[in-house]
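Observations on the three-dimensional arrangement
Here's the letter readout for the chains.
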Amino acid sequence: MKKTKFKKENHISVAERLINELPLFTFLIVFTELAVFIYHKYFTDLPLVEAVSLSVLAYNPCHRGQLWRFLSHSFIHTGVLHLAFNVIGQLFFGIALERAHGWRRVAEIFATGTLVGSLTQSIYMPQYSFGGSSGANLALVAAYLIHYFTVSKFQLKKIKIYMIFLLLFRTF
């Protein structure tokens, strides 16, 4: 008698399916950046640039021993355009990567890009305070390009347009 093999069906709960399908990490990062920006803009008595530079989240060369600042600076931004371009990049690249590779991989890429960006800036410009998630965004762009050329068939034209915006508005 011939044995038949039955496929074991995956019984995934609704919560597990939502976690796997929705880009929750990307949304969480964007929401946190927006909340921190709104707090610094509307709930402090200082102008935005001063509030950001004095924030406990900003990288400050006087407080190099506070190691969280090497990662937390990615949640603060010095202006609306600075925030907008970072959020647009995170939504575009983060959502695509998170759907393809999961939230853990995107979190690793985001944290590594933030850390490498802050270490690089603290070495080459040690006298300046800074904030923003440009290092993380560049890591997401690099991961997206690798994903595009190795796995998927996404449109390269969108990447080129975003890279042009990053280069043109890098100072914001």
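Residues numbered from 1 in each chain as written. Predicted model: local features only at pLDDT ≥ 70, side-chain atom pairs only at ≥ 80, totals over all residues. Heavy atoms only, no water.

Glancing now at the overall build of the protein. Summing up its helical and strand segments, the protein has eight helices and zero strands in all. Secondary structure elements of the protein occur, N-terminal to C-terminal, as α-α-α-α-α-α-α-α. Here the protein, with 172 residues, has 35% of them falling under the buried criterion. Of the contacts made within the protein by residues no fewer than 6 positions apart, 70% connect residues no fewer than 24 positions apart. Of the roughly 11500 Å² of accessible surface on the protein, 67% is carried by carbon and sulfur atoms. (Helix = DSSP H or I, 4+ residues; strand = E, 2+ residues; numbered from the N terminus. Buried < 20%, exposed > 50% of the residue type's maximum accessible area, 1.4 Å probe, protein only. Contact = heavy atoms within 4.5 Å. Areas by Shrake-Rupley, 256 points an atom, 1.4 Å probe, with all protein chains shown as cover.)

One way to put it is that helix 2 (residues 24-42) packs onto helix 5 (residues 80-101) with a least axis distance of 8 Å and a crossing angle of 170 degrees. Between helix 2 and helix 5, the angle is such that the two are roughly antiparallel. Between helix 2 and helix 5, the residues in contact are Leu-24, Phe-25, Thr-26, Phe-27, Ile-29, Val-30, Glu-33, Leu-34 and Phe-37 and Val-80, Leu-83, Val-87, Gln-90, Leu-91, Gly-94, Ile-95 and Glu-98, respectively. Broken down by class, the residue content of the contact of helix 2 with helix 5 amounts to 12 nonpolar, three polar and two charged. (Axes fitted to C-alpha atoms, helices over the stretch in contact; angles between N-to-C directions. Parallel < 35°, antiparallel > 145°, perpendicular 65-115°, else oblique. Nonpolar A, V, L, I, M, F, W, Y, C, P; charged D, E, K, R; others polar.)

Counting all residues, the mean pLDDT for the protein is 82, and 76% of those residues have values of 70 or more. Looking over the protein, one finds the lowest element-wise mean pLDDT in helix 8 (residues 156-168), namely 64, and the highest in helix 2, namely 93. (pLDDT = per-residue confidence, 0-100.)

Turning next to the packing of aromatic side chains. Counted under the stated rule, the structure contains six aromatic pairs. Between Tyr-59 and Phe-70 the ring centres are 5.2 Å apart and the planes differ by 50 degrees, which places this aromatic pair in the tilted class. You can see Tyr-59 sitting in the loop between helix 3 (48-53) and helix 4 (69-72) and its partner Phe-70 sitting in helix 4, a full 11 residues away along the chain. Comparing Tyr-59 with Phe-70 shows no difference in burial state: the two are buried. When the ring of Tyr-59 is compared with that of Phe-130, the centres are 4.6 Å apart and the planes differ by 25 degrees; the resulting orientation is stacked. One end of the pair, Tyr-59, is in the loop between helix 3 and helix 4; the other, Phe-130, is in the loop between helix 6 (103-124) and helix 7 (134-150), with 71 residues separating them in the sequence. You'll find Tyr-59 and Phe-130 in the same group, each marked buried. Members of the aromatic cluster, joined through ring pairs, are Tyr-59, Phe-70 and Phe-130. (Phe/Tyr/Trp six-rings, centres within 6.5 Å; stacked < 30°, edge-to-face > 60°.)

Tracing the backbone through its elements, the reader meets Ser-74 in the loop between helix 4 and helix 5. Owing to a relative accessible area of 1%, Ser-74 belongs among the buried residues under this scheme. Separated by 3.1 Å, the side chain of Ser-74 and the backbone oxygen of Leu-71 make a polar contact. Excluding anything up to four places from it in sequence, Ser-74 contacts Glu-33, Phe-110, Thr-114, Gly-132 and Ser-133. (Polar contact = N/O pair within 3.5 Å; in protein donor to acceptor, adjacent residues only side chain to side chain.)

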